[in-house]
Amino acid sequence: MIEVSHLTKRYGQHVAVEDLSFCIEPGKIYGFLGPNGAGKSTTMNIMTGCLAATSGTVTIDGHDIFEEPMEAKRCLGYLPEQPPVYGDMTVRDYLCFVAEAKRIPARERKARVEAAMERTAIADVAPRLIRNLSKGYRQRVGLAQAILGEPKFIVLDEPTVGLDPKQIIEIRDLIKSLGREHTVLLSSHIMQEISAVCDDILIISHGRLVASGTPQELEQRALHGRALALTVHGERAAVEKALAGAGVRVERAEPSRTEPGCLELALEWTGDADPREAVFYALAEARLPILSMSAERMTLEEVFLQMTQDAPETEQDAPETEQDAPEGAQDGAQQEAEEREAQDDGRDL
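Each value, and the rule that gives it
- Residues numbered from 1 in each chain as written.
- Predicted model: local features only at pLDDT ≥ 70, side-chain atom pairs only at ≥ 80, totals over all residues.
- Heavy atoms only, no water.
- Helix = DSSP H or I, 4+ residues; strand = E, 2+ residues; numbered from the N terminus.
- Buried < 20%, exposed > 50% of the residue type's maximum accessible area, 1.4 Å probe, protein only.
- Contact = heavy atoms within 4.5 Å.
- Areas by Shrake-Rupley, 256 points an atom, 1.4 Å probe, with all protein chains shown as cover.
- Axes fitted to C-alpha atoms, helices over the stretch in contact; angles between N-to-C directions.
- Parallel < 35°, antiparallel > 145°, perpendicular 65-115°, else oblique.
- Left-handed = near helix turned anticlockwise from the far one by under 90°.
- Nonpolar A, V, L, I, M, F, W, Y, C, P; charged D, E, K, R; others polar.
- Polar contact = N/O pair within 3.5 Å; in protein donor to acceptor, adjacent residues only side chain to side chain.
- Phe/Tyr/Trp six-rings, centres within 6.5 Å; stacked < 30°, edge-to-face > 60°.
- Lys NZ or Arg CZ within 6 Å of the ring centre and 35° of its normal.
- Arc of directions from axis to C-beta.
- Salt bridge = Lys/Arg side-chain N within 4 Å of Asp/Glu carboxyl O.

Undergrad: Is there a simple way to explain the overall build of the protein chain in this structure?
TA: Looking only at helices and strands, the protein chain has 12 helices and 14 strands in total. Burial status across the protein chain gives 48% buried among its 349 residues. Considering only contacts within the protein chain whose residues lie at least 6 apart along the sequence, 69% involve residues at least 24 apart. When the accessible area of the protein chain is evaluated, it comes to approximately 17,200 Å², of which 48% is carbon and sulfur surface.

Given below as C-alpha cells:
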C-alpha cells in the first residue's frame, strides 16, 4: 500500500500541494486527475523520491520515502512525462544500465531485461539507438525501465501524451495488462483513457484532494441534486401530491407535446439514494402511469469539471519542478536539493 499523509509542498509563499492525504490499495489501477497546475506532477515527484516535501509523509509498502529511500524505491517504478531515456544508447544497453542502477543482481539482469522488453513489445528494436525510435517506442522503453525489477507499484505521468491514436490504444492495453500484476497510479488528461483503464480515481484541485472513488461513485456524487425526467399520465396536482413523500422535488411540470393527457416532469433530488424506485411506487399507488423515466447521466469529463469548477483558468498555477519555482523561492529549493543530496547519494531510476 502507498500512503500519502498530510503532504505539503511550498515554494516560498506559493503552495503547490497542501495537506494532501490518500491511500493506494494493492491490485488496482488508479487515475490521478486535476487541472493544469493542480499539483499532480509535484505529488508524483515527491512520492517517487525525486522531490523533497515541505512536510508530510509518503510510505510505500511500509517504507518512508524520505527515511528509507532505497527500500521504498525498490517497490516502485516511475515513468515521468518525459521518459528518462538516453538517446545515444541502444535499447538493450540502456535497460542493462537501468537494471544495474536498480541493483538487480548481475546473474538476473539479462533475463529481467529480456522479460521487460518482451512485455513492452520492444524486443525487435533492442539493438537500435533510442534517439532513432518513434515517440511511441520511446514511451515503451520508458515503461520497460519502470517495470524492471518487478516493482509492486508503478507510477505513470501522462504516458500517452503526444502519441497517435494507434499508439495510444497500444499503450492503454499495455497499462491494462500491467494492472493485472502491479498496482498502477496513472495521471492523464484524457478522460476516455481514465474511464477505460482505471478502477478508482483521485481528483485534486489547488493541491488538495477534492474527490476519490470509482467512476460510478463519483458520478453518483456529482449527480447529487440533479434531475430525473418523467412522462406521467395524469393531472399536475395529483402527480405532485403522490410525489410529496418520495424524496424528490418537482422542478418543472408541463403538458407533453407528444403524449395527450400527460405531463413531462423534471424532478430534483438531494439524497444520496437513487429515488427511482420510490417515485415508481408512489405513482403506481396513485394509479398514475409512468410512460417514461430516466435519470440524468454524466460523463467523466462533466464529473471532473464539476469537482474542479473553482480551479483557475491559468495554464500553470503551480511550479512542477524546483526550476519552475517563483522568484524568491529558489534559495529554499536549492537548500532542499542539497539536503536531499546529503541524505541520499543516488536517485535510482
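Undergrad: How should the environment of Ile-24 be read in this particular structure?
TA: Note on placement: Ile-24 falls in strand S2 (residues 14-24). Residue Ile-24 is classed as buried on the basis of its relative accessible area of 1%. Here the alpha-carbon distance between Ile-24 and Ile-2, two residues 22 residues apart in the chain, equals 5.0 Å. In this view, Ile-24 contacts Met-1, Ile-2, Tyr-30, Met-47, Thr-183 and Leu-185; residues no more than four positions away in its chain are not counted.

Undergrad: Please explain the packing of helix H3 (residues 91-101) against helix H4 (residues 106-119) as it appears in this structure.
TA: Geometry of a packed helix pair, given as the angle between the helix axes and the separation of the axes. Closest axis-to-axis distance for the H3/H4 pair is 10 Å, and the angle between their directions is 125 degrees. Classed by the angle they form, the pair H3 and H4 counts as oblique. Of the two possible hands of crossing, H3 and H4 adopt the one that is right-handed. On the side of H3, the interface is formed by Val-91, Arg-92, Leu-95, Cys-96, Ala-99 and Glu-100, while H4 contributes Arg-109, Val-113, Glu-114 and Met-117. Class assignment for the residues of the contact of H3 with H4 results in 6 nonpolar, no polar and 4 charged.

Undergrad: How should the side chain of Thr-90 be read in this particular structure?
TA: Here Thr-90 lies in the loop between strand S6 (76-79) and H3. In terms of polar contacts, Thr-90 uses its side chain to reach the backbone amide nitrogen of Asp-93, at 3.1 Å. If near-sequence neighbours (up to four positions away) are discounted, Thr-90 is found in contact with Ala-126, Pro-127, Arg-128, Leu-129 and Ile-130.

Undergrad: Sorry if this is basic, but what is going on with the packing of aromatic side chains here?
TA: The description of an aromatic ring pair uses the distance of the two centres, along with the angle that the planes make with each other. Enumeration over the complete set of coordinates arrives at 4 aromatic pairs. Between the aromatic rings of Phe-280 and Tyr-281, the centroid separation amounts to 5.3 Å while the plane-to-plane angle is 75 degrees, which identifies the pairing as edge-to-face. A relative accessible area of 43% means that Phe-280 is categorised as partly exposed. A cation over a ring is seen here: Lys-9 above Tyr-11, with NZ or CZ 5.2 Å from the ring centre.

Undergrad: For this particular structure, what's the right way to read H3?
TA: Three- or four-residue spacings in an α-helix give side chains the same orientation, since the helix completes a turn every 3.6 residues. Every buried residue belonging to H3 is among Val-91, Tyr-94, Leu-95, Val-98 and Ala-99, and all of these are buried. An end-on view of H3 places all buried positions within 140 degrees of arc, on one side of the element. Buried residues belonging to H3 abut H4 and helix H5 (135-147).

Undergrad: What is the right way to read the pattern of salt bridges from this model?
TA: A side chain with one charge may pair with a side chain of the opposite charge, provided their charged atoms come close. In total, this model carries 13 salt bridges according to the counting rule given. A salt bridge links Arg-112 to Glu-108; the nearest nitrogen and oxygen atoms lie 3.1 Å apart. Taken as a pair, Arg-112 and Glu-108 lie in helix H4 at a separation of 4 residues, close to a single helical turn. For Arg-112, a relative accessible area of 30% translates into the label partly exposed. Relative accessible area serves as the criterion here: at 26%, Glu-108 is assigned to the partly exposed category. With a shortest N-O distance of 3.4 Å, Arg-119 and Glu-181 are connected by a salt bridge. Of this pair, Arg-119 sits in helix H4 while Glu-181 sits in the loop between helix H6 (165-178) and strand S8 (183-187), and the two are 62 residues apart along the sequence. In this structure Arg-119 comes out as partly exposed when scored by relative accessible area, which is 24%. The exposed category is assigned to Glu-181, whose relative accessible area is 57%. A single network of salt bridges, built from pairs that share partners, joins Arg-119, Glu-150 and Glu-181.

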